[in-house]
Structure formats: structure tokens, C-alpha cells
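# Fold and contact review
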Amino acid sequence: TQLLEQSPQFLSIQEGENLTVYCNSSSVFSSLQWYRQEPGEGPVLLVTVVTGGEVKKLKRLTFQFGDARKDSSLHITAAQPGDTGLYLCAGERWGGGFKTIFGAGTRLFVKA
Amino acid sequence: DAGVIQSPRHEVTEMGQEVTLRCKPISGHNSLFWYRQTMMRGLELLIYFNNNVPIDDSGMPEDRFSAKMPNASFSTLKIQPSEPRDSAVYFCASSEGRFRAFFGQGTRLTVV
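Now for a description of the structure that goes with this document. The model shown is predicted, which means the values in this text are computed figures rather than measured ones.

Once that is clear, we can look at the side chain of S25 of chain A. All names here are of chain A. Of note, S25 is situated in the loop between β3 (19–24) and β4 (31–37). Assessed through its relative accessible area of 16%, S25 is described here as buried. One polar contact links the side chain of S25 to the main-chain amide nitrogen of S27, over a distance of 2.9 Å. Beyond its immediate sequence surroundings of up to four residues, S25 is in contact with L3, L4 and K70.

See the structure below:
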């Protein structure tokens, strides 16, 4: 059972479309991070959200942390082929030190 | 900065053999994480160290897995004996404090 549930698991869209990826949990997290991973590489951090209700924007990407700090969403406006990749949400929890737990990821494919 | 360095990038071994994966974290980072990634289970946290001390190893699947961090610049993950179901990509990540983990490129392990 995943502590962080991501949906959808797979998404294939046309260039120019908008999309939203969700990350949900029944647990509260100290912070939540979004990473992007390309084939053959490790995940690369996109953004960290810390405060409940926080919204951050990174060019065409908008990230939101839920008010209760249990969920988050990633919205991409006017997707481009370069956005193709595996998007991972990760929650940070205290356990003698802060550890980061990942969701299973959403695999996005943007067709030109 | 060279980033997190993992070796080897690829490892193919026979069932029953010992496998040692190596990681050099980013200089100055005080936390180190070992993750395993498979299609079925996603990115799983195996163990993490804070200031070279193992904090949480609850993700280590079996006693066949062990990890050490003898100093701030080196860590190993050992599997002995290896089994086909251990085949996965193993990532090492390091961080300085909270909110951002830097990942290595991973070691793709195949046990035949």
C-alpha cells in the first residue's frame, strides 16, 4: 500500500493541452516535494511546498499544497513535448530525522 | 559540483553472489538515502543516514541487505546473497538539511 497515492498513473496528451496530476494521502506531511525523472536518470526536484494552502508557480507549472498538508496537485498549462517524463510527489516526515517517501509517480507523455 | 556519484552504473550478477553498490554524496551534505525503484513498487526508501548514523532501516527488505556509511563521503549497500527479485534500479541521494534531495544516476542491478 502506497502512503502517497498519485493519479493518474499514466497520461498521454497532445501538445498545448492542460493537465493536472494529484497526490493524496491520509497522513500529514511536514512538506511535500515534486520531482521529475527522465529515463536513465535520478529524480530532479521541481518544487517544495511547506505551508498548508501554499501555491507555487514554476513557469507553466503550478503546484498546490492542501490546506491540511495531506495532498497536493501539479497543474501544467499548455503542455509541451519537453514536459514528458515521470512526475513523482514525495512527502517529508519526521522519524528521528526527516525522511522523504515517494508516491508511485505519474508517467506523462506529450505528443507533438 | 560533481553531484552524487554512484558506482557501478550497471551490474549483472548471478543469483547467490554478493553485490556491493557504492555512493559518494555531495560534499557537505549531512543526510544520505538509499532507494530502490521498480515498475511494480515505485521508489522505495530502504535506509537513511544522518551524520553517518543509520536513523531508519525499516525499509530494508531482508537481512540479506545491509548498508554502511563509514564516513561522510562514502556509503555502501550490500546484498548477500542476491536473488532475481532484487533486480531494480538502486538510487543514492544526499541532502543538506531539509526540503531537497539530490539523486545520483542510479545503479541498474540485474540478478540472473
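From this point, the narrative continues.
Glancing now at the sheet that holds strand β1 (residues 5–7) of chain B. All names here are of chain B. Pairing in this open sheet of four strands is antiparallel, and the strands run β1-β3-β8-β7 from one edge to the other. In this open sheet, the two edge strands, each paired with only one partner strand, are β1 and β7 (65–71). Strand-to-strand twist in this sheet, taken as the mean axis angle between neighbours without regard to direction, amounts to 15°. Summarising the sheet, β1 and strand β3 (residues 19–24) pair through three bridges and their orientation is antiparallel.

Here the focus is the pairing of β4 of chain A. Residue and element names in this part refer to chain A. Counting buried positions over the seven residues of β4 gives seven, a clear majority of the element. Judged by which residues are buried, β4 turns out to be covered on both faces: S31, Q33, Y35 and Q37 on one side and L32, W34 and R36 on the other are all buried. As paired strands, β4 and strand β9 (residues 85–94) are joined by seven bridges and run antiparallel to one another. In the sheet register, L32 faces β9, and the bridge partner there is G91. In terms of strand pairing, β4 meets strand β5 (residues 44–49) through five bridges, oriented antiparallel. Within β5, the residue paired with L32 across the bridge is V49. Hairpin geometry of β4 and β5 is characterised by an intervening segment of six residues between the two adjacent antiparallel strands and by a positive phi of about 80° at G40.

Taken together, the contacts link 24 residues of chain A with 20 residues of chain B. Overall, the association of chain A and chain B removes approximately 1,800 Å² of surface from exposure, summing both partners, and the carbon and sulfur fraction of that is 51%. When the area that chain A buries against chain B is broken down by residue, the three leading residues are F98, K99 and F102 of chain A, summing to 24%. Here chain A is connected to chain B by one salt bridge. Note that K99 of chain A and D56 of chain B form a salt bridge whose closest N and O atoms lie 2.5 Å from each other. Applying the counting rule to chain A against chain B returns six residue pairs in polar contact (both at pLDDT 80 or more). Of all elements in the fold, only β4, β5, β9 and β10 (98–102) of chain A reach the threshold of two or more residues within the side of chain A that touches chain B.

So, about the packing of aromatic side chains. Counted by the stated rule, this structure contains nine aromatic pairs over all chains. On the basis of an interplanar angle of 45° and a centroid distance of 6.5 Å, the ring pair of W34 of chain A and F63 of chain A is categorised as tilted. Of the two residues, W34 of chain A is situated in strand β4 and F63 of chain A in strand β7 (residues 61–65); the sequence distance between them amounts to 29 residues. Residue classification places F63 of chain A among the buried residues on the basis of a relative accessible area of 0%. A centroid spacing of 5.2 Å and a plane angle of 50° characterise the contact between Y35 of chain A and F102 of chain A, whose relative ring orientation is tilted. Of this pair, Y35 of chain A sits in strand β4 while F102 of chain A sits in strand β10, and the two are 67 residues apart along the sequence. Given a relative accessible area of 0%, Y35 of chain A falls into the buried group. With relative accessibility at 2%, the residue F102 of chain A sits in the buried group. Joined through ring pairs, the aromatic side chains of Y35 and F102 of chain A together with F33, Y35, Y48, F91 and F103 of chain B make up one cluster.

About the criteria used
- Per chain, the residues get numbers from 1 upward, laid out in the order the sequence is written.
- In the order they appear in the text, chains get letters beginning with A and ligands get numbers beginning with 1.
- Given that this is a predicted model, residues contribute local features only at a pLDDT of at least 70 and side-chain atom pairs are listed and counted only at 80 or more, while totals for whole chains, interfaces and linings are drawn from all residues.
- Note that the side-chain values use all heavy atoms of the structure and ignore hydrogens as well as water.
- Elements are defined by DSSP. Helices are runs of H or I of four residues or more, strands are runs of E of two residues or more, and each kind is numbered from the N terminus.
- Partly exposed describes any residue whose relative accessible area lies between the buried limit of under 20% and the exposed limit of over 50%, with all areas from a 1.4 Å probe on protein chains only and scaled to the type maximum.
- Under this definition, polar contacts are N or O atom pairs within 3.5 Å; protein pairs additionally need one hydrogen-donor-capable and one acceptor-capable atom, and for neighbouring residues in sequence, both atoms have to be side-chain atoms.
- The contact rule is simple, with two residues in contact once any of their heavy atoms fall within 4.5 Å.
- By this definition, two strands are paired if DSSP reports at least two bridges between them.
- Note on geometry: axes are C-alpha line fits, over the in-contact stretch for helices, and angles between N-to-C directions span 0 to 180 degrees.
- Summed over both partners, the accessible surface that disappears when two parts come together, traced with a 1.4 Å probe, is what is meant by buried area.
- Here, a salt bridge means any Lys or Arg side-chain nitrogen found within 4 Å of an Asp or Glu carboxyl oxygen.
- In this analysis, rings of Phe, Tyr and Trp, with Trp reduced to its six-membered ring, are considered paired at centre separations within 6.5 Å, and the interplanar angle assigns stacked below 30 degrees, edge-to-face beyond 60, and tilted for intermediate values.

Scope: geometric values only; no functional claims are made or implied.
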